[in-house]
Every structure is written in structure tokens, then in C-alpha cells.
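Analysis of the macromolecular model
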Amino acid sequence: MTKTAPTAEARVDSRAKFTVRGWCFLVAAVVCLAAATWLGRKDVLALSLFLGMLPLFSSLAMWLIKPRVLLKRSVDPALVTVGDAASVALRVRRRSQFGSRRRSETSGSTTHDRAAVEVHERVDPQLGKNQDFSVPVSGVPVEYTVRPRRRGMYELGPATVRVQDPFGVVTELLDVAERTTLQVAPDAEDLTELGASRVRETGGDPSRRAMPQPGPDNVTTREYRHGDPMRRVHWAASAKHGELMVRQEDPRSTRKAVLVLDMAQEHWPGERVWAGILPSTEEFEWGARATASALDHLTRRETVVFALDDQGRALPHGDLESTDQRDTSVTDNTALEVVHGLAQAALVSRPEPDAATDPLTARFDREALTHPLLLITGKLSAEAARRYVTAAKGNVAGSVIMVLDPPLARPESADILETSGWSVVLVTRWTDIDAAWTSILDGATLLDPPPAPPGVEQLNMDHVMGHFRSRTTA
């Protein structure tokens, strides 16, 4: 079952002004008044009074009897992954003695008169374009679709509702300050099976516990949850239960690993971008996608993952807000909630903690996290590298993926980690996540350059050698 965002409903602040028709009435009144004075015609004078008083009285009535417009906005689903579509529904109800301009809708041979108001909806550029609608005031929803291009927390709105008097000479612009939140989780990428098996067998992890071999007799299923890959659907069980069921195999052994996503703003010094309303960098966005991919990959392959941030706190789970006391272990049943929770991951500025009061070290010691460790971080300082080495001193194996920002240079922290026995993978935000994943055991430097601009051919070694051969032949 998909989640629906809480409906936003709010009164609005208003401001009134004359429409083009209203200004035309006033100009016509002035012209008629001048003509009546010049010609001495009382009927023309009466016409000028009518033309002038109509917009004035309409404006006074709009000021005395404030239009009460209620706008409701709902999002379904309230949480999506990057590239998925979400439907936004707008409903408007008007509670005043003024009607808006009448719109005629014809269905077959029946004509229905229905009042409508103009609504201008502001949309984040990462979700799409601003929207303009004619929304019925009867509460009939008008929907539009957004398709986010970046992870984060996005606010839909504010909206501006345009209400007119029955004559169309005065318009009231009603500003809706209420906003509705849409959560966008990173899209987990498929990782190479070889990398998963090598990581699972790294070190002599004493926490591994033998269990029966998986097979057709011990395959279990559960109901499909939004975000589950279709390749895991168990079609026979789905046909039996009448709903989509997802395959879950009992693991051959319980393996454990530790996954840490660094959220310290000082460790991600790249150019600042916004993930909706959350501060971020392009390098951190790469790290969030890599975290989601590794978490999804390992939990689907019989591994319990302890997912932490740089302060030793559990990564956020879906809609839950408090993460201090939550269990850090993530299994196949809860991995999707953590991946969805990465929509809330944001950079926070904080100093390096003292060794005696380091919360990450305290978490490792308290829960005896001696399992293989994967750290995803940015450009670490030497002090931060020594802190991670101290915190993970009891782990059987340590790997780190460092996402560097230009100018690309090997940081001192990479040498400190390698000297302490860690495998270090240096990447950029243009590096393929799967390539970094398959290199975490032995370490690598994958500083891929930015892609060439559209229409510009990127020079590679084949071109260089071909040019060299042609010149040699000549």
C-alpha cells in the first residue's frame, strides 16, 4: 500500500486589484463623463456613473466580504524514489457570497455550469515546472504529476488562487502559505555479484552462524512493498494469494557488516546544492546513492548491516524522526525503510569529537561491532581519518570510499587509512558506483573526469594512438 502525504489545508492572505475589464470600465466612465459635460446629456452622465460605480462597488464589496477559499493539496505516494512519478491533487472550496466566473463544460448533450478559480502552483525546478490550472470550487480535484530528478525533501507550494467578482471587474489574489512535503529517496543501483561475495567473505567474522541451505522448500514470501524490485516477485505465491508477493529465502548463514555514511559538512567541501530543502553537494548525493545501493545489495544477500552515520546514530527510517535510540541493525525486511529514510539525510556542520567522547567509538564498543566496515565519505582531514581508525580498531576489515571534489588530489587522510590497513577507493561524482563497489577489497583510484559537453567528442587513448599511427605512416 502506498503512502499519501498529509493533506495541506489553509486559509489564505488576499490582495485585490482591478482586472483589465475593470480598468476599461473606469476609462469608459471618464470618457462618458467628459462627453456628458461637453454635450450636456443626462443619459450619458447616468451611463458614466454606472460604469464608474460598478468596479468601485465591486471592490468595496470584495473588501467588506472577504472571499474564504480553502485549498487542499495531497500527494500520492508521499515517498518516491528518484525518477518515479508522484501525483499531486489540488482541491479548492470557496465559502463566500461571491461566485467566480462561470465555466461551461459540455458532456455529450448535457451542459454543466461549474464555478472555477485560477490556481498558480509553484513547483521546485527539480520536480518540474510551475503549474497553472482552472480548479472547480466544488472540491473536484485537479491533478498534475511531478517526477523528481534528485534525492531530498521537497515542498510543494505555495500556491496563488485568483478569485473574481461576478462581473469580472475585480480580482482577488489569495496567497496560500501552506506547503506539502514530498520525500524522494535515492535510487539503489544494481551491484556486481562478485563484489558482494568477496566482501561477505572478508576476514574471519566470528558472528557468522550456520543455518540450513536455501532451496525450494525453505523459500518464504511476504507482501509486496512499494519500491521492491520486480525481479523478486514470486509469481506462484502471488497467484495463490491474489496479491503481489515477494520472495524471501532463508539465509545459509547470518553475516554481518557495518556501513557508515559520513554526514559531517566539513568532509564534503564541494559546491553546495539543494536536495529540496536540505543542504547537500553533488559528491554527497553520490554517497547517498552508493549507500542505498550497498545496503540493498548486502541485505538481499544474507547480510545483517549495521547502518550508522558519523555520530554513531542509526540512519533514518522512512517517516520516523528520532534516530538516537533505534536499533542500528538492518535486515532484508527493514532495508527498504532505511533506503527511503535516506531522503532525509542532510549535511550538518560539526567539529571533530574528542577521542574520549567520540559517539561513534562508543557505539562500536557498546554493540561490539567488529564486523567488516565500509565507510562512505568525502575529502577527510587527517584528524578525521585518525578518528575513524581509532573507532574501528576492533573491526576485522575496513574499507573506505572517498568521493573527492575538484581539484582532484590524493588527500593525506588516504595515506593514513592505508597505513592502518584500510582499503581506500578514491572516486569522483562521475565514477560508476558499481566500479567503486568492485574495488573496495583491494583499493583503487577511480578519479573519472567530468563527461564531455554535448556535441563535443571526448579524446581517448584509441584516438591518440590512431592519430600517432597515421602520422608515423605518413
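Everything discussed here concerns the structure shown above.
Let me begin by describing the structure that accompanies this report. (Residues numbered from 1 in each chain as written. Predicted model: local features only at pLDDT ≥ 70, side-chain atom pairs only at ≥ 80, totals over all residues. Heavy atoms only, no water.)

A few points about the overall build of the chain
- Counting its secondary structure elements, the chain contains 11 helices and 25 strands.
- The buried share of the chain, taken over its 474 residues, is 47%.
- Residue pairs at least 24 apart in sequence account for 70% of intrachain contacts in the chain once pairs closer than 6 positions are excluded.
- Of the roughly 23,900 Å² of accessible surface on the chain, 55% is carried by carbon and sulfur atoms. (Helix = DSSP H or I, 4+ residues; strand = E, 2+ residues; numbered from the N terminus. Buried < 20%, exposed > 50% of the residue type's maximum accessible area, 1.4 Å probe, protein only. Contact = heavy atoms within 4.5 Å. Areas by Shrake-Rupley, 256 points an atom, 1.4 Å probe, with all protein chains shown as cover.)

Some points on the packing of helix α1 (residues 20-39) against helix α2 (residues 42-64)
- Close contact between α1 and α2 brings their axes to 8 Å; oriented N to C, the two are set at 155 degrees. The angle between the axes of α1 and α2 places the two elements in the roughly antiparallel class. Taken as a pair, α1 and α2 cross one another with a handedness that is left-handed. Here α1 contributes Gly22, Phe25, Leu26, Ala28, Ala29, Cys32, Leu33, Ala35 and Ala36 to the contact with α2, which in turn contributes Val44, Leu45, Leu47, Ser48, Leu51, Gly52, Leu54 and Pro55. (Axes fitted to C-alpha atoms, helices over the stretch in contact; angles between N-to-C directions. Parallel < 35°, antiparallel > 145°, perpendicular 65-115°, else oblique. Left-handed = near helix turned anticlockwise from the far one by under 90°.)

A short note on the packing of aromatic side chains
- Under the defined criterion, the tally for this structure stands at 2 aromatic pairs.
- Each ring, one from tryptophan 268 and one from phenylalanine 284, has its centre 5.3 Å from the other, and the planes form 80 degrees; the classification is edge-to-face. In this pair, tryptophan 268 sits in the loop between β17 (253-261) and β18 (272-275) while phenylalanine 284 sits in helix α5 (residues 282-299), placing the two residues 16 residues apart along the sequence. Phenylalanine 284 shares its class with tryptophan 268; the two are buried.
- Over the aromatic face of tyrosine 388 sits the side chain of arginine 387, whose NZ or CZ is 5.2 Å from the ring centroid. (Phe/Tyr/Trp six-rings, centres within 6.5 Å; stacked < 30°, edge-to-face > 60°. Lys NZ or Arg CZ within 6 Å of the ring centre and 35° of its normal.)

Concerning the packing of helix α7 (residues 359-366) against helix α8 (residues 382-391)
- Between α7 and α8, the shortest axis-to-axis distance is 9 Å and the interhelical angle comes to 15 degrees. Taken together, α7 and α8 sit at an angle that is classed as roughly parallel. Crossing angle aside, the handedness with which α7 passes α8 is right-handed. Residue-level inspection shows Leu360, Thr361 and Phe364 of α7 in contact with α8, the latter providing Arg387, Tyr388 and Ala391.
- Along the lines of polarity and charge, the residues of the contact of α7 with α8 split into 4 nonpolar, 1 polar and 1 charged. (Nonpolar A, V, L, I, M, F, W, Y, C, P; charged D, E, K, R; others polar.)

Topic: a nonpolar patch on the surface
- A contiguous nonpolar patch, built from Leu33, Leu45, Leu49, Met53, Leu56, Phe57, Leu60, Trp63, Leu64 and Ile65 and spanning about 970 Å² of accessible area, is present on the exposed surface.
- In terms of residues, the nonpolar patch owes the most to one element, α2, which gives 8 residues.
- Its location among the elements puts leucine 56 in helix α2. (Patch = residues over 30% accessible without salt bridge, like charges linked within 9 Å, V, L, I, M, F, W, Y side chains within 5 Å. Salt bridge = Lys/Arg side-chain N within 4 Å of Asp/Glu carboxyl O.)

Let's talk about the pairing of strand β13 (residues 180-185)
- For β13, a buried count of 5 out of 6 residues is recorded, marking the element as mostly surrounded by other parts of the structure.
- Taken together, the 3 bridges between strand β4 (residues 79-81) and β13 define a ladder with parallel strand orientation. Following the sheet pairing, leucine 79 is matched in β13 by glutamine 183.
- Examined bridge by bridge, strand β10 (residues 152-156) and β13 share 5 bridges and lie antiparallel to one another. Residue pairing for β13: glutamate 155 is matched across the bridge by threonine 181. (Pairing = 2+ DSSP bridges.)

Details of the environment of aspartate 327
- Within the fold, aspartate 327 resides in the loop between β20 (303-309) and β21 (329-330).
- Taking C-alpha positions, aspartate 327 is 9.7 Å from leucine 315, a pair spaced 12 residues apart along the chain.
- The residues contacting aspartate 327, other than those within four sequence positions of it, are Ala314 and His317.

A short note on the sheet that holds β10
- Taken in spatial order, the 3 strands of this open sheet run β4-β13-β10, and their pairing is mixed. Every interior strand has two partners, whereas the edge strands, β4 and β10, have only one. Here the average twist between neighbouring strands, direction ignored, is 30 degrees.

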